[in-house]
Amino acid sequence: MKILMVCLGNICRSPLAEGILKDKANKLQLNWQIDSAGTGGYHIGEPPHYLSQKVAKENGIDISSQQCRQFIKEDILLFDKIYAMDMNNYYNIKQITKELWNENKVELLLNELYPNQNKEVPDPWYGDEKDYYFVYDLIDKACDAILNNFKKEIT
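Everything numeric here is computed off the predicted structure, so don't read it as measured data.

K.L.:
Give a detailed account of helix 2 (residues 50–58), specifying residues and quantitative values.
P.N.:
Considered for burial, the residues of helix 2 that qualify are Leu51, Ser52, Val55 and Ala56. Down the axis of helix 2, the buried side of the element spans an arc of 135°, and every buried residue falls inside it. Opposite its buried face, helix 2 presents the exposed residues Tyr50 and Lys57, each directed more than 90 degrees away. Structurally, helix 2 contributes buried residues whose contacts are with helix 1 (13–27) and helix 5 (129–154). Once helix 2 ends, the next one or two residues include Gly60, with phi positive near 80°.

K.L.:
Lay out the pairing of strand 3 (residues 81–84) with the relevant residues and their values.
P.N.:
The side-chain alternation of strand 3 yields two buried faces, one formed by Lys81 and Tyr83 and the other by Ile82 and Ala84. Note: strand 1 (residues 2–7) against strand 3, 4 bridges, orientation parallel. Its bridge partner being in strand 3, Val6 is matched across the sheet by Ala84. Bridge count for strand 3 against strand 4 (residues 106–108) is 3 bridges, and the pairing is parallel. Opposite Tyr83, over in strand 4, you have Glu107 as the bridge partner. This β-α-β element, strand 3 to helix 4 (residues 87–97) to strand 4, shows right-handed connectivity.

Definitions and cut-offs
- Residues numbered from 1 in each chain as written.
- Predicted model: local features only at pLDDT ≥ 70, side-chain atom pairs only at ≥ 80, totals over all residues.
- Heavy atoms only, no water.
- Buried < 20%, exposed > 50% of the residue type's maximum accessible area, 1.4 Å probe, protein only.
- Helix = DSSP H or I, 4+ residues; strand = E, 2+ residues; numbered from the N terminus.
- Arc of directions from axis to C-beta.
- Contact = heavy atoms within 4.5 Å.
- Pairing = 2+ DSSP bridges.
- Right-handed = clockwise from strand over helix to strand, strands pointing away.

Structure below.
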C-alpha cells in the first residue's frame, strides 16, 4: 500500500500524518510506503515545523529527517491513496492532477473517522502549541481508523 498525506506547505499536518501512520504501520509489520507533500511550494527542502517535531517526539515519533516537498501531478499515479487535510488541498490536488484526477484515490483524512462528513484537519500554522497537540490527536485517531478500515477490507 502506498499512501500520501497532503496539506498546503507540507510543514505541519502532513509530516505529522506521515510520521504517525508510518509508526503504526511499522509496528504492525505492514510493508507500506507512506509519504507526504504540500500543494504549495513554500517550504521545499525544509524539515517539519519545530512544534510538529516536538509533539511527534513526545509521542515517540521522530519526523526530524523529513523534508518538505511539493505535490506533483504524477503523485496520483504513484500512490494508492492520497489523503488531503482539508477541502482547499483536496481541490488543489484535483487542479494539479488535471486529466489524471481519480476521485477514488483522493479523500479527506478525517473521512476515515467521520465517513462522508468532510471534516477538516485544522491548520495549526497560525496557532500556538496547544493547536499542534490537538492536530496530532486528530491525525492519530484518523490513522488508527485507516488501519482498522484496512483490516476490515482484507478479512
